Amino acid sequence: MRESHRLVVPDRLVVVTGGTRGVGAGIAKAFADTGARVVTCARRPPEVPVAGTEFVPLDLRDPHAVRDFFAALPRLDVLVNNAGGAPYRRLADADAARHVRVVELNLIAPLTASLAAYEHLRRTRGSVVMIGSVSGGRPSPGTAAYGAAKAGLESLARSMAVEWAPDVRVNTLVVGMVRTEQAHLHYGGRDGIDAVAATVPLGRLAEPADVGAAAVFLASDAAAYISGASLLVHGGGERPAFLDAATANKDRAAAGSRPAPDSTPAPADTSIQGDPT
């Protein structure tokens, strides 16, 4: 890879929100490994410092604090809006105010940070990387407000990419399941994590470093003509549930039979083989 296609200039400054653990720490480390100066921000300091990064305490839900934080930076080349998340909570189990808090963190906070960072990014012809989720494109029971916010974040990024072009590129990483220090809270113990990993076509959950590498790519000169895009980082996605529920192929496999090359499948087979969407 040519030197110009990498973020290796020491004075390039990258901000990773929520970059103190999990996916955020993986992203911060990936940028630090390129030689960039990396600043992470969150409400609490990291339990384990991320090598090569600086930490600044910041409540991303406080617009005044966010504006002050970015105003104090000497410059900014890349903003990674990673801070987010949500507890498992069914819609009817909480009032609207609690769900609004989830939307504030996962959609309003990235908007606030991006606006506060805009002038820096415009001057450096920089880049914004939104950390989205596959939950934004499918039903998300138990985290419905989170899924809705992530859908909005992806839409926001596409509009932002048009409004801020050609000075600032804006893209989204649509992230699937990741093995972090909190994976057991979502998937259970080792057996649960292994079972969930087996549902991914690539056979494993993502590592934070996988997301970090994708973020570095989108922010680099190698992606100079990519803006308003959504890059899927999900190991191939999810196997359609109807394939495991359907009996046609299972029955055929059990019988050891295959249709003749010139035969026409019955209508029932055709409807089962096709994607119902």
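The residue numbers shown here count from 1 along each chain, following its written sequence. A pLDDT threshold of at least 70 governs which residues receive local features in this predicted model, and a stricter bar of 80 or more applies before side-chain atom pairs are shown or counted, although totals over entire chains, interfaces and linings include all residues. In computing side-chain properties, one takes all heavy atoms of the structure into account and sets aside hydrogens as well as water.

1. Considerations on the nonpolar core
To keep it simple, the criterion reads: By nonpolar core we mean a set of buried residues, namely Ala, Val, Leu, Ile, Met, Phe, Trp, Tyr and Cys, connected to one another through side-chain atoms within 4.5 Å. For every residue, the accessible area obtained with a 1.4 Å probe (protein chains only) is divided by the maximum for its type, and the residue is called buried under 20%, exposed over 50%, and partly exposed between those limits. Counting from the N terminus, the helices are DSSP H or I runs at least four residues long and the strands are E runs at least two residues long. Residues count as neighbours in contact if any of their non-hydrogen atoms are within 4.5 Å of one another.
One finds Val15, Phe69, Phe70, Leu76, Leu79 and Val170 to be the most contacted residues of the largest nonpolar core, which totals 29 residues. Of all the secondary-structure elements, those providing two or more residues to this core are β1 (13–17), β2 (37–42), α2 (63–71), α3 (96–124), β5 (127–133) and α4 (144–164). Other than its neighbours up to four places away in sequence, Phe69 contacts Val15, Val39, Cys41, Val56 and Leu58.

2. Quick word on the pattern of salt bridges
For clarity, the threshold we go by: The salt bridge definition used is simple: a Lys or Arg side-chain nitrogen within 4 Å of an Asp or Glu carboxyl oxygen.
Summed over the entire model, instances satisfying the criterion amount to twelve salt bridges. With a closest N to O distance of 3.9 Å, Glu104 and Arg101 form a salt bridge. Here Glu104 pairs with Arg101, and both are found in helix α3, just three residues apart, close to one helical turn. For Glu104, a relative accessible area of 29% puts it in the partly exposed group.

3. Considering the packing of α2 against α3
Inclusion rule: Axis definition: a line fitted to C-alpha atoms, limited for helices to the stretch in contact. Angles are taken between N-to-C directions and run from 0 to 180 degrees. Orientation is classified from the angle alone, with under 35 degrees giving roughly parallel, over 145 giving roughly antiparallel, 65 to 115 giving roughly perpendicular, and any other angle giving oblique. Should the near helix be turned counterclockwise from the far one by less than a right angle, the crossing is left-handed, whereas a clockwise turn marks it as right-handed. Side-chain classes follow a simple rule in which Ala, Val, Leu, Ile, Met, Phe, Trp, Tyr, Cys and Pro form the nonpolar group, Asp, Glu, Lys and Arg form the charged group, and the remainder, Gly included, forms the polar group.
The N-to-C vectors of α2 and α3 enclose an angle of 25°; their axes lie 9 Å apart at closest approach. By the angle between their directions, the pair α2 and α3 is classed as roughly parallel. The way α2 lies across α3 gives a crossing that is right-handed. Between α2 and α3, the contacting residues are Pro63, Val66, Arg67 and Phe70 on the first element and Thr112, Ala113, Ala116, Ala117 and His120 on the second. Residue classes in the contact of α2 with α3 are distributed as six nonpolar, two polar and one charged.

4. Considerations on the environment of Arg101
We classify Arg101 as partly exposed; its relative accessible area is 44%. Sequence separation between Arg101 and Arg61 is 40 residues, and the spatial gap between their C-alpha atoms is 9.2 Å.

5. As for the packing of aromatic side chains
Formally: Geometry of aromatic contacts follows a simple scheme: Phe, Tyr and Trp rings, the Trp one being its six-membered ring, pair when their centres are within 6.5 Å, and the pair is stacked under 30 degrees between planes, edge-to-face over 60, tilted otherwise.
Counted by the stated rule, this structure contains two aromatic pairs. When the centroid spacing of 4.9 Å and the interplanar angle of 80° are considered together, the rings of Phe69 and Phe70 count as edge-to-face. Relative accessible area serves as the criterion here: at 9%, Phe69 is assigned to the buried category. For Phe70, a relative accessible area of 1% corresponds to the buried category. Centre to centre, the rings of Tyr118 and Trp164 are 4.5 Å apart; their planes meet at 45°, and the pair counts as tilted. One end of the pair, Tyr118, is in helix α3; the other, Trp164, is in helix α4, and 46 residues separate them in sequence. Given a relative accessible area of 10%, Trp164 falls into the buried group.

6. Focus: the confidence of the model for the chain
Here is the rule we go by: The score called pLDDT rates the predictor's confidence residue by residue, from a low of 0 to a high of 100.
Mean pLDDT over the chain: 88, with 86% of residues reaching 70 or higher. Segment residues 1–5 is flagged for pLDDT under 50; beyond a separation of four residues in sequence, or across chains, it makes six contacts in the model. Here residues 260–277 scores under 50 on pLDDT; set against residues more than four positions off or in separate chains, the count is eleven contacts.

7. Thoughts on the sheet that holds β2
Formally: Any two strands are treated as partners once DSSP identifies two or more bridges connecting them.
Strands sit in the order β3-β2-β1-β4-β5-β6-β7 across an open sheet of seven strands; the sheet is parallel. The open sheet has two free edges, formed respectively by β3 (53–57) and β7 (230–233), since each of these has just one partner strand. Mean inter-strand twist for the sheet, computed between neighbouring axes without regard to direction, equals 20°. By the bridge criterion, three bridges tie β1 to strand β4 (residues 78–81) in an arrangement that is parallel. Residue pairing in the sheet places Val14 in a bridge with Val78 of β4. Across the sheet, α4 touches β5, β6 (169–175) and β7, and the angle it forms with β5 is around 155°.

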